Structures are given as C-alpha cells and as structure tokens.
Amino acid sequence: MRIVVALGGNALLMRGERADASVQLHHVEAAARALAPLAAEHELVVCHGNGPQIGLLALESEADPSLSRPYPLDTLGAETQGMIGYWLAQSLRNAGVRKPVLAVVTQTVVDAADPAFFAPTKFIGPIYDRAQADRLAGQNGWTTAADGPHWRRVVPSPEPLRLVEQESIEELVSGGTVVVCAGGGGAPVVDEGQLRGVEAVVDKDLTAAALAIALKADRLLLLTDVPAVMTDFGLPDAEPLRHLDVAEIDQLSFPAGSMGPKIEACRRFVLATGSVAAIGALADAGALLSGEAGTTISA
C-alpha cells in the first residue's frame, strides 16, 4: 500500500512549549517510532508542517539588526524543511527503518494572482494573548487572528498547483525509498518561465493531498495533536466524529485556519482517487490506518 502521511507542525511542537531543539527532537523521535511500522510494511511518503518553526525563524530574522530586511518566508520555509527533514530522516533510521530514507527540499508552484495573497489565513509562530498579538502586529506590520482561545500571526496561504520535484519523488518511492518531502507545504514559488519564491506559506495538508493524488496513493493520513475531528471543538460537549463521507462534509463547518484545510484536503483526495483518508493523533498512526482510531473520510 502507498501511504502519504502529513504530520502537523503542532504535533512536533505542542502549543505553549518552548521551541528548543531538544523539545522538538523529542517529538520527532516519537513521530518516527509511530511511523516506523508503516514504513516497514508499506510505501511511505512523509510530509510535515512547519507553522511553529517558521514563525520562530521569522521572529529571529525580523529582530536581527544586521539584516537590511528579514529573510522571506519561502526561504525560511526551505530552512525548516532542511531542519525537520534531517531530524525525521535520522530518527526514522534510529527507529529501525531499514529502507533508504531521504529528505527532499521541495518547491510548490502557486499562482501569483491567488486571492490568498490579499487575505492571510495561515497560522505561524507561537501563541499570544490578545494584547501581545496587537502589540506585535503594530510593531511588525503583521496580520493576527484568533486561534482558539489564543492569537497568532497569519500569512498568505495560496493553493498548491504542483510540486516541482514531483517526478523525482515518484521515482524514489517506486524504488523503495521512504521520502520526507513537501515540508511546510513546500517552499512557495511562481513559475513565470523561471521559478521565483514568494512571500507565503502553503498549507501542508493541501499539498500532501495534491501529492497523494499525483502519486496515486492508497491512503492519506493527516496526523495532528487531536484524536479525531470533533463536533463543537473546544466546548465541554465536544464529541469525536468517527466517520464522515464527502456528502456530509458539505453540510458541516470547520475553522478555516486549522481543521478546515485538513477536511478539505481529505475531501479532495477522496473525490480524486476513491480511496480513504483519515485524521487523528500521531500516536494512533497504526490504528488510524486500520480505521480503529481517529476520523475516517470516504466517498
């Protein structure tokens, strides 16, 4: 079976945790242990988020007085791909994966006229209270938005059209390599005869779905820091939804900046392939694949 897995950035750095390398590496090692059994039995492609990590690098870049201007988001996205890809590749080997493991820095083509450039929705960076968020927005020219009870920076998140390295990824997977790619949705670029990076962060779940469709994957697993899609998320009477079909999805509403893109990614994959997608906790990866945990989405 060919499986595309997308690891949430918040599964690699929990909300409110210090962004120390040791903290993140601890979570990456746990992720690798959860994924190792899948790699042993199946063809595996691992995508990952980078919201907390790229936010941290952006803060550091903006605060560096030696720079004439901060590093652009596409470049910071490539940095996070290298960092997290290195951790994942090393940790998968240490977790017992005997297949070749390769991390690929990936570019994702987007449309320069995408309306997302005028309506930022993608959360990056740490959480703040409202007063902190307002102060930082004023200082740095940010756009901020509510993320549950907290506030975070939001940046443009254009639609992924294709991955520049897609054919190479197909060859690697077909040859038995476990591929880590499309980190943070891939570094966003526009193709105008020549590739050029743009100031945005592509949603990694939508990129993972596009890649899964292109690779003709049998399953798309979105692994995050919640056990399932929930009704009334964050409220005392929240309940897990164990199964959704694409017809039901159109009748439900999900937050645009968090669960919404995951649901949409699954919907696209299911409609394009007829295969099954699932959303759930990283620790439940094996049970999620078998339908014993999380939320399964099918036609």
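To be clear, the structure that these remarks concern was listed above.
For the structure given in this document, a descriptive report is provided here. Position numbers for residues count from 1 along each chain, tracking the sequence in the order it is written. In keeping with the model being predicted, local features are shown solely for residues with a pLDDT of at least 70 and side-chain atom pairs are shown and tallied solely at 80 or more, while totals for entire chains, interfaces and linings include all residues. Water and hydrogen atoms were dropped before computing side-chain values, which therefore reflect all heavy atoms in the structure.

A separate point is empty space enclosed by the protein. Here a cavity denotes a set of grid points, spaced 1 Å apart and computed over the protein atoms alone, in which a 1.4 Å probe fits but from which it cannot get out, and a pocket denotes an open set meeting protein on both sides within 12 Å along at least five of seven lines; residues with an atom within 4 Å of a point are reported as lining. Grid points are joined across faces, edges and corners, and a volume is the space filled by probe spheres set on the points. Evaluated as defined, the whole model comprises two cavities of 30 Å³ or more. By volume, the largest cavity amounts to about 40 Å³. What lines the largest cavity is a set of 13 residues, among which N50, G77, G184, G186 and P188 lie closest to the centre. Listed by contribution, the elements that provide at least two residues to the lining of the largest cavity are α4 (73–94) and β10 (187–191). Helix and strand definitions here come from DSSP, where helices need a minimum of 4 consecutive H or I residues and strands a minimum of 2 consecutive E residues; each element is numbered from the N-terminal end. Element by element, the count of residues in the lining of the largest cavity is highest for α4, at three residues.

Take the pairing of strand β1 (residues 2–7) next. Of all six residues that make up β1, six are buried, and the element is covered over most of its length. Three labels apply to residues, based on accessible area from a 1.4 Å probe with only protein chains included: buried if under 20% of the type maximum, exposed if over 50%, partly exposed otherwise in between. Taking every second residue as pointing to the same face, both faces of β1 are buried, with R2, V4 and A6 on one and I3, V5 and L7 on the other. In this structure, β1 lies alongside strand β2 (residues 43–48), joined through six bridges in parallel fashion. Within the sheet, the bridge partner assigned to R2 lies in β2 and is E43. Think of it this way: DSSP has to see at least two bridges between two strands before they count as a pair. Note that β1 and strand β12 (residues 219–224) share five bridges and pair parallel. Its bridge partner lying in β12, V5 is registered against L221.

Attention now goes to the sheet that holds strand β7 (residues 150–155). Taking strand neighbours across the sheet as the criterion, the three strands line up as β5-β7-β6 in an open arrangement whose pairing is antiparallel. In this open sheet, the two edge strands, each paired with only one partner strand, are β5 (122–128) and β6 (143–147). Within this sheet the neighbouring strands show an average axis-to-axis angle of 40°, counted without direction. Note that β6 and β7 share five bridges and pair antiparallel. The residue bridging A146 from the neighbouring strand is W151, located in β7. What makes two residues a contact is simply this: any of their non-hydrogen atoms within 4.5 Å. For every element, the axis is a line fit to its C-alpha atoms; helices are fit only across the contacting stretch, and the angle between N-to-C directions ranges from 0 to 180 degrees. Where helix α3 (residues 51–63) meets the sheet, it contacts β5 and β7, and its direction lies at approximately 75° from that of β5. Together, β5, β6 and β7 form the strand contacts of helix α5 (residues 130–140), whose direction differs from that of β5 by roughly 120°.

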